[in-house]
Structure formats: C-alpha cells, structure tokens
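Observations on chain architecture
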Amino acid sequence: VAGLISPWNLPLYLLTWKIAPALACGNTVVAKPSEMTSVTAWMMCKLLEKAGVPPGVVNVVFGTGAKAGEALVCHPHVPLISFTGSTLTAQRITEKSAPHCKRLSLELGGKNPAIIFDDADLTQCIPTTLRSSFSNQGEICLCTSRIFVQRSIYSEFLKRFVAEAKKWKAGNPLDPTVDVGALISKEHLEKVRNYVKKARAEGARVLCGEGVDSLILPTGNQKGYFMLPTVIVEIRDESCCMQEEIFGPVTCVVPFDTEEEVIERANNVKYGLAATVWSSNVGRVHRVAQRLQSGLVWTNCWLVRDLNLPFGGMKASGIGREGAKDSYEFFTEVKTITIKH
C-alpha cells in the first residue's frame, strides 16, 4: 500500500505523477490530496471508475494534513510515503513515520536561483525568466525567486525585465489575454504580501507589482486573491525574501561580479531544488551547473522536462528522486533469493 500525499498548486499533475508509477509497479494506493483542491481529486476518482480501475486499487481520503495526512503517515500497514509539499510538513512526516521505518520520497520547496552572465542572449533569457518567475502566479516549486545578473548588464536587464513584467495581466485565467490568475487562498495572498512589506521595511525597492502598480480586475473577480508580478531590488542576500520560499509572483533581482561569487551566493540557502544558468560560454555553463547545489539545473532554458529523468532536490528541498527508473525503484522492493540444489 503506497501512501501518496499531494499539494494544491498542480493538483491533477502531481497526484497522477504519483499514482501512475505506484500502480505500474503493482501497488495499491491511498492518496491524500490537499484539502484546498479536493474537487480535482474527486473528479479524477470518477474518471478512474469510468476507466475500469477495480475497486480498492486507488483509494482517496479527503481531509486536512493534520488529521487525514497524519493518520496515513502513522498507519503501520502503509510501508511507503511519497509526499510533495512544504519542508516543515516533511519534517513532521519524517518524525511520525520513523517508528515504522517507512520508505520516504519527499519533494519539497525551493529558493531557486537564475544566474545570468553578461554573454547571455537576453532576447531568450528575459521572456523565459519572466515565465520562470511568474508562471502559475509563482505557485510552482520550480519557479525562479532569486535572479543574479552580472553587473555589466544589470541595468539593461532590469529595465527590460521590469518593462515586460508590467505587461502581465491578472484576472480570470479562462480569458486568453490573462497571464496571472488568483492565488490559492486569502491567507496565502496575505503571506506573500507580507514578504513584500518585509522587504520594504529592510530598505529594498519594489519596481513593479504589489503596492506600485494598480491592480485592475474584471467586475466578477474584484474580490479574488490576485496579485501582480512583483520585482524587488536592492535587497540583501540575508533577507527573508532571499532565503525563504515565498511561493507567489515575487522575484528578487540582484547584481554579481564574478563566477566564483555567484556560485557561493546561489548555494547560500537551505534549499537546493532547481536553478537556471544563462551564458553562451559552454565551458562556463558546465562549470557552474556542476557546482550548483540543485537537483535540477537548466541552462539557457527553463522547465524543459522529460518524465524519464530523475526529479528531486538536495538539502531541505527533499529526499529521493522520482521519475521512470527512480519511481520504479521507490515503488518496488529488491529481494535476494538463494537456492541450493
């Protein structure tokens, strides 16, 4: 029996990403989706039933993490747990599952850097870094939230990046002209806004977005939890906005001088999920990618994914890898049988 706990930000993708390999390896499943996105999981159950999945093979329990999730983690007959979510929750899962020596796969948060060298192709870099910063309202664990730009091109990059960010439109995502939808909840919106307030209190500047630009919404969406793409500058590496996962449409842009310096600064957080490196120098791309403490590194691109490749993070960004071979190894047991005849 595989216990699968998935988050709210990509509710169908991250739930099926766990269920499919678990079933392919011959396991049954008890899945606990986020209480924020239970309708998506309920609709998936209807489709599984329609597809002919036998009763009892995929089981879904609805409820909060503190009740339903913890019951699943603590159950002695659930030998393995795959969890995607916050580092704080993962710590509790580790503690609660320890007495049962359960196998864990933990895909957690990130504070992902983009490193942009002065020989980067800005015509490709700027639109891609906008997407990596603000796609899905920044509510993707792989989103960029720290942008390091080499000092010689810092002013030019910042001018062009902010000008493009100001063009992003918030509103109903069913509208094809809209770039940013609503954040998941009122509480989460306040949390993200508070990070911007803290940055201001520390002396940082907000160049666009929250508190700077007017948020114009359609009549039916004016009570929604919307926020414009927000760019923060003149911020110290020690700031909470540079150290903690914000998980919203907020990114910080800071200058750097040397390759050695930026590698050290990029690694100077507790997380290590993803990173992007922008340079036309192939040798530099390889050097930097090797030294970054990140489970995934994209060079001159972002979110180019093959589901056969290992997925997961270093440090506080997780334990284990998932995807193809790695999922197969997680959802199966190796047994040695020796027969003398």
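Just above sits the structure.
None of these values were measured; they are calculated from a predicted model.

As a packed pair, helix α5 (residues 122-134) and helix α6 (residues 151-165) sit with axes 10 Å apart at the nearest point and diverge in direction by 55°. In terms of their interaxial angle, α5 and α6 are classed as oblique. Crossing of α5 over α6 shows right-handed handedness. Only I153, E156, F157, R160, F161, E164 and A165 of α6 make contact with α5, whose side of the interface consists of L122, T123, C125, I126, T129, L130, S133 and F134. For the contact of α5 with α6, the class distribution of residues is 9 nonpolar, 3 polar and 3 charged.

Together, V39, W42, M43 and F62 make up an exposed nonpolar region whose accessible area comes to about 430 Å². The exposure class assigned to M43 is partly exposed, which follows from its relative accessible area of 47%.

Our next topic: the pairing of strand β9 (residues 230-233). The two faces of β9 match: T230 and I232 on one face and V231 and V233 on the other face are all buried. In terms of strand pairing, strand β8 (residues 205-208) meets β9 through 3 bridges, oriented antiparallel. Paired with V206 across the strands is I232, a residue of β9. As paired strands, β9 and strand β10 (residues 250-256) are joined by 3 bridges and run parallel to one another. Paired with V231 across the strands is T251, a residue of β10.

Before going further, it helps to spend a moment on helix α9 (residues 259-267). An α-helix turns once per 3.6 residues; consequently, residues spaced three or four apart project the same way. Along α9, the residues classified as buried are E259, V262, I263, R265, A266 and N267. Contacts made by the buried residues of α9 are with β6 (112-116), β7 (144-150), β10, α10 (282-291) and β14 (314-315).

It is worth spelling out the sheet that holds β10 at this point. Taken together, 7 strands build an open sheet; the order of strands is β8-β9-β10-β7-β6-β12-β13 and the sheet is mixed. Looking at the sheet topology across the chains shown, the edges are occupied by β8 and β13 (296-299). Across the sheet, the mean angle from the axis of one strand to that of its neighbour is 25°, orientation sign disregarded. On the sheet, α6 packs against β6, β7, β8, β9 and β10 and is oriented at approximately 140° with respect to β7.

Here we take up the sheet that holds strand β1 (residues 2-5). Pairing in this open sheet of 6 strands is mixed, and the strands run β3-β2-β1-β4-β5-β15 from one edge to the other. Two strands bound the open sheet, and with one partner strand each, they are β3 (58-60) and β15 (318-319). Where strand β4 (residues 80-84) meets strand β5 (residues 103-107), 5 bridges bridge the pair, whose relative direction is parallel. By the bridge assignment, L80 is partnered in β5 with R103. Where helix α1 (residues 11-24) meets the sheet, it contacts β1, β2 (29-32), β3 and β4, and its direction lies at approximately 170° from that of β1.

At a closest axis distance of 10 Å, the pairing of α9 and α10 adopts a crossing angle of 30°. Regarding the angle of α9 to α10, the classification is roughly parallel. The element α9 and its partner α10 pack so that their crossing is right-handed. Taking contact as the criterion, the partners of E259, E260, I263 and N267 in α9 are, on α10, R284, R287, V288 and R291. Taken together, the residues of the contact of α9 with α10 sort by class into 2 nonpolar, 1 polar and 5 charged.

Left-over empty space is what a probe sized like a water molecule reveals as it rolls over the atoms. Considering only enclosed or pocket space, the largest pocket measures out at about 1,000 Å³ in volume. Lining the largest pocket are 41 residues, with W8, F83, G85, S86 and T89 positioned closest to its centre. Looking at the lining of the largest pocket, the elements with two or more residues in it are α3 (65-74), β4, α4 (87-97) and α7 (186-201). Broken down by element, the lining of the largest pocket gets its largest block of residues, 7 residues, from α4. Per-class residue counts for the lining of the largest pocket are 16 nonpolar, 14 polar and 11 charged. Both domain 1 (2-108 + 317-331) and domain 2 (112-299) contribute no fewer than three residues apiece to the lining of the largest pocket. Roughly 160 Å³ of volume is contained in the second largest pocket. Residue contributions to the lining of the second largest pocket peak at 3 residues, all from α1. Looking at the lining of the second largest pocket residue by residue, the class counts come to 9 nonpolar, 1 polar and 2 charged. The residue makeup of the lining of the second largest pocket includes at least three contributed by each of domain 1 (2-108 + 317-331) and domain 2 (112-299).

To continue, consider the pairing of β7. The element β7 is largely enclosed, with a buried count of 7 among its 7 residues. The pairing of β6 with β7 spans 5 bridges and is classified as parallel. Note on β7: the bridge partner recorded for A114 is I147. Direction of pairing for β7 relative to β10: parallel, over a ladder of 5 bridges. Residue pairing for β10: Q150 is matched across the bridge by F256.

Rules used throughout
- Residues numbered from 1 in each chain as written.
- Predicted model: local features only at pLDDT ≥ 70, side-chain atom pairs only at ≥ 80, totals over all residues.
- Heavy atoms only, no water.
- Axes fitted to C-alpha atoms, helices over the stretch in contact; angles between N-to-C directions.
- Helix = DSSP H or I, 4+ residues; strand = E, 2+ residues; numbered from the N terminus.
- Parallel < 35°, antiparallel > 145°, perpendicular 65-115°, else oblique.
- Left-handed = near helix turned anticlockwise from the far one by under 90°.
- Contact = heavy atoms within 4.5 Å.
- Nonpolar A, V, L, I, M, F, W, Y, C, P; charged D, E, K, R; others polar.
- Patch = residues over 30% accessible without salt bridge, like charges linked within 9 Å, V, L, I, M, F, W, Y side chains within 5 Å.
- Areas by Shrake-Rupley, 256 points an atom, 1.4 Å probe, with all protein chains shown as cover.
- Salt bridge = Lys/Arg side-chain N within 4 Å of Asp/Glu carboxyl O.
- Buried < 20%, exposed > 50% of the residue type's maximum accessible area, 1.4 Å probe, protein only.
- Pairing = 2+ DSSP bridges.
- 1 Å grid on protein atoms, 1.4 Å probe; cavity = no way out; pocket = protein on both sides within 12 Å on 5 of 7 lines; lining within 4 Å.
- Points joined across faces, edges and corners; volume = space filled by probe spheres on them.
- Domains from an automatic or database assignment.

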